[in-house]
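# Structural overview for review
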Amino acid sequence: MKRLGIGVTILAVVMMVSSVTVSASDKTTTHQPTLHLASAGQASDTAAANSAAHGNESGEADHAGSGQGHPNLGPALPLWSCIPFACMLLSIALWPLLMPDFWHHNFGKISGFWAATLAIPFLIAFKGDALYEILHIILADYVPFIILLWSLYTVSGGILLRGTLRGTPVVNVVMLIIGTILASWMGTTGAAMLLIRPFLRANNYRKNRTFMVVFFIFLVANVGGSLTPLGDPPLFLGFLHGVSFFWTFKILPHMATVAVILLVIYFLLDTYYYRKEGVTAPEEDGVKQPLKLEGLHNFIFLAGIVGSVLMSGMVEWGELNTFGVHRAVQDWVRDGLLIMMGALSLVTTSVSLREDNDFTWFPIIEVAYLFIGIFITMIPCLLILKAGPDGALAFLVNGVTQPAHYFWVTGGLSAFLDNAPTYLTFFNTALGGFYAGMPEASSVPLLMTENAVYLKAISAGAVFFGACSYIGNAPNFMVRSISEEAGTPMPSFFGYILKYSLIYLIPTFVVITAVFFW
C-alpha cells in the first residue's frame with residue numbers, strides 16, 4: 001500500500017509536469033489573486049497572495065483574468081451557476097448516510113460527475129475563457145493544495161509518540177491547548193496532522209470520542225491559527241498586502257476568548273462523559289511506559305515545509321506561464337521543495353514506524369478525489385464573489401458597513417467558500433470605504449491603526465468561521481477522514497453543522513461580536 005501511495009503521487013506530479021509547456025514570462029503583468037477553497041491550505045493561498053501582492057499595488061482585487069487578456073466573467077454569472085457546487089456539498093453530506101458502501105467505493109466518480117456537470121456547460125458557454133478559469137484553479141490552486149497536504153500528511157505520519165498517554169479530561173485539554181498554540185506557528189494543517197493521531201490513540205479506550213475530534217477541529221485546525229500569518233492563509237495574504245507580521249497578535253484577545261470558552265465547554269463535556277462511561281485510564285501490561293517521540297528527524301522536514309511556504313511569500317523571482325496561467329517562480333520552487341520534504345520523510349522513516357502510527361494513504365486519496373470536484377464546481381461562486389458590487393452578490397457586499405457586518409459576512413462566506421478571496425474582498429472593501437484613491441502602501445498602515453477594528457473583524461471572521469463546516473479549512477476534512485479510519489465515528493456534513501457548529505460555535509461568535517465588534 002505504501003508503494004502504491006508513493007507511485008500514485010509521483011505519477012500525478014510527473015504527468016502534470018510533463019504535460020504542460022512552461023515558458024518564462026518576459027514582462028510583468030497584473031494578475032488576479034488566486035482563488036481556492038477555504039480548505040485550500042497555505043501553499044495555494046500563498047500563490048494567491050503572491051499574485052495579489054506583487055501584481056496589484058493599488059490594493060484592489062483584480063477581476064478574473066484581468067491583465068492576461070481574459071474578460072471578467074463574474075458579473076455575467078447568475079447565482080444558479082453555483083448549483084453544481086451545492087450538489088457537490090449535498091453529495092458529501094447525504095451519500096455517506098444513505099448509501100455508505102456505494103459512497104465508499106464511488107466517491108471519486110461522484111466528484112468527477114459534478115465537476116463535469118459544471119465544466120461542460122461552462123466551456124460551451126464561455127469557451128476559451130472558461131478553459132482558462134478551469135486550468136487556473138487546477139494549476140494555481142488545486143495542485144499546490146494537494147502538494148501541501150500530501151507533504152504535511154506524509155511528514156507528520158513519520159512522527160510517532162510512544163508510551164502511556166491516556167485521555168483523561170485534563171490530559172485532553174492540555175493536548176488541545178498545545179495544538180492551539182502550535183497552529184499559529186506551523187499552520188493549522190501542520191499542527192492538526194502532527195497531533196491528531198496521538199490524540200486519537202490517547203482516547204482509544206473511551207466510548208464517546210466524536211465530540212473530542214470535533215473540538216480538536218474547532219481549536220487546533222482553525223481558531224489556533226489566528227495569531228500569525230503562518231497560521232492561516234488569509235492572514236498570510238494580509239501580510240503580503242502590507243499588514244505587519246506581528247499585527248495579528250492584536251487578535252489575541254478575540255482568539256483567547258474563543259479558545260477559553262470552547263475549552264471550558266470541552267472540559268465540562270469530557271468530564272461528564274468520562275464519569276458516565278465509568279472507565280479509568282488503563283495501564284499497558286500493568287506497567288506505565290514513559291512517553292517517547294520517534295522519527296524526530298521529521299521535525300526538520302516540517303520546518304522545511306513551513307520555511308518553504310514563508311519563502312514563497314517573501315521573494316520575487318519572476319513568473320512562468322503554463323497554458324496561459326501565470327505563476328510565480330518561487331511558487332513552483334516551493335511546490336518542489338514540499339515534494340522533496342515528503343519524499344525525504346518517506347525514504348528516511350522506517351515502514352514499521354509508519355505502520356505503528358496507523359499510517360495509510362486513504363485519507364489523502366479521499367481528499368484529493370473530493371476536492372478536485374469541489375474546486376471546479378466552486379469556480380462560479382468565487383468569480384461572483386470576486387466581482388464584488390458588480391456580481392450577483394452585490395447586495396451582500398454593499399450591505400457590509402459595520403465591524404459586526406465584516407465579521408459575520410466574511411466568516412459566513414469563509415465557512416463554505418475560500419477564506420482567502422473572501423478576506424481580500426472585504427479587506428479591499430474596507431480600504432475603499434475609508435481611503436478611496438489612496439495607494440495601498442499608505443492606506444493599509446492607516447487601516448491597521450485608525451480603523452483597526454474593521455481589520456480585526458475581517459481577520460477573525462475569515463479564520464474562526466473555518467471551523468463551521470468540514471470544508472471550511474484544509475485540515476478539517478483530513479482530521480475527519482483520519483479519525484473515521486481509526487474507528488472514531490464522525491458526524492455527517494450537516495450533522496457536524498447542526499449538532500456542533502450551531503450549538504457551540506455560533507453562540508461563541510455572538511459573544512465575540514458583543515464584546516469586540518458591537
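Note: the structure precedes this text.
Okay, so let's go over this structure. (Residues numbered from 1 in each chain as written. Predicted model: local features only at pLDDT ≥ 70, side-chain atom pairs only at ≥ 80, totals over all residues. Heavy atoms only, no water.)

## Some remarks on the nonpolar core
Soluble globular proteins tend to bury their nonpolar side chains together. Put simply, the rule is: Working definition of a nonpolar core: buried Ala, Val, Leu, Ile, Met, Phe, Trp, Tyr and Cys residues. They are joined through side-chain atoms within 4.5 Å. Here the term buried applies to any residue with accessible area under 20% of the maximum for its type, exposed to any over 50%, and partly exposed to those in between, with areas from a 1.4 Å probe on protein chains only. Working definition: helices are DSSP H or I runs of at least four residues, strands are E runs of at least two. Numbering for both runs from the N terminus.
Counting 144 residues, the largest nonpolar core has Phe-218, Phe-371 and Phe-464 as its most contacted members. In terms of residue count, helix α4 (residues 100–156) provides more of this core than any other element does, 22 residues in total. Core analysis: the second largest hydrophobic core is formed by five residues, Leu-230, Phe-236, Phe-239 and Leu-240 among them.

## Structural notes on the packing of helix α15 (residues 403–414) against helix α20 (residues 493–517)
Which entries qualify depends on this criterion: All axes are obtained by fitting lines to C-alpha atoms, using only the stretch in contact for helices, and the reported angles, taken between N-to-C directions, cover 0 to 180 degrees. Here the word oblique covers every angle except those under 35 degrees (roughly parallel), over 145 (roughly antiparallel) and from 65 to 115 (roughly perpendicular). In this scheme, a crossing is called left-handed if the near helix is turned counterclockwise away from the far one by less than a right angle; it is called right-handed if the turn is clockwise. Residue contacts are counted whenever heavy atoms from the two residues lie within 4.5 Å of one another. As a working rule, the residues Ala, Val, Leu, Ile, Met, Phe, Trp, Tyr, Cys and Pro are called nonpolar, Asp, Glu, Lys and Arg charged, and the rest polar, with Gly in that last group.
Direction vectors running N to C along α15 and α20 enclose 155°, while the axes themselves pass 10 Å from each other. Looking at the two axes, α15 sits roughly antiparallel to α20. Crossing hand, α15 versus α20: right-handed. For the pair α15 and α20, contact is made by Pro-403, Ala-404, Phe-407 and Trp-408 and by Ile-506, Phe-509, Val-510, Ile-512, Thr-513 and Phe-517, respectively. Grouping the amino acids of the contact of α15 with α20 by side-chain chemistry returns nine nonpolar, one polar and no charged.

## Points about α20
Definition in use: Helix span, as expected, comes to 1.5 Å for every residue beyond the first. A residue's bend is given by the angle between axes fitted to the 7 residues ending at it and the 7 residues starting at it.
Taking 1.5 Å of rise per residue, 25 residues should cover 36 Å, yet α20 covers just 29 Å from first to last C-alpha, more than 12% shy of that figure. Considering bend angle alone, the principal kink of α20 is centred on Ser-501 and spans about 55°.

## Concerning α15
In a regular helix each residue adds 1.5 Å, so twelve residues correspond to 16 Å; α15 covers 16 Å between its end C-alpha atoms and thus fits that length. Most of α15 sits inside the fold, with nine of its twelve residues counted as buried. Residues of α15 that are buried: Pro-403, Ala-404, Tyr-406, Phe-407, Val-409, Thr-410, Gly-411, Leu-413 and Ser-414. On the buried face of α15, the contacting elements are α13 (379–386), α14 (394–398), α16 (419–434), α18 (452–464) and α20.

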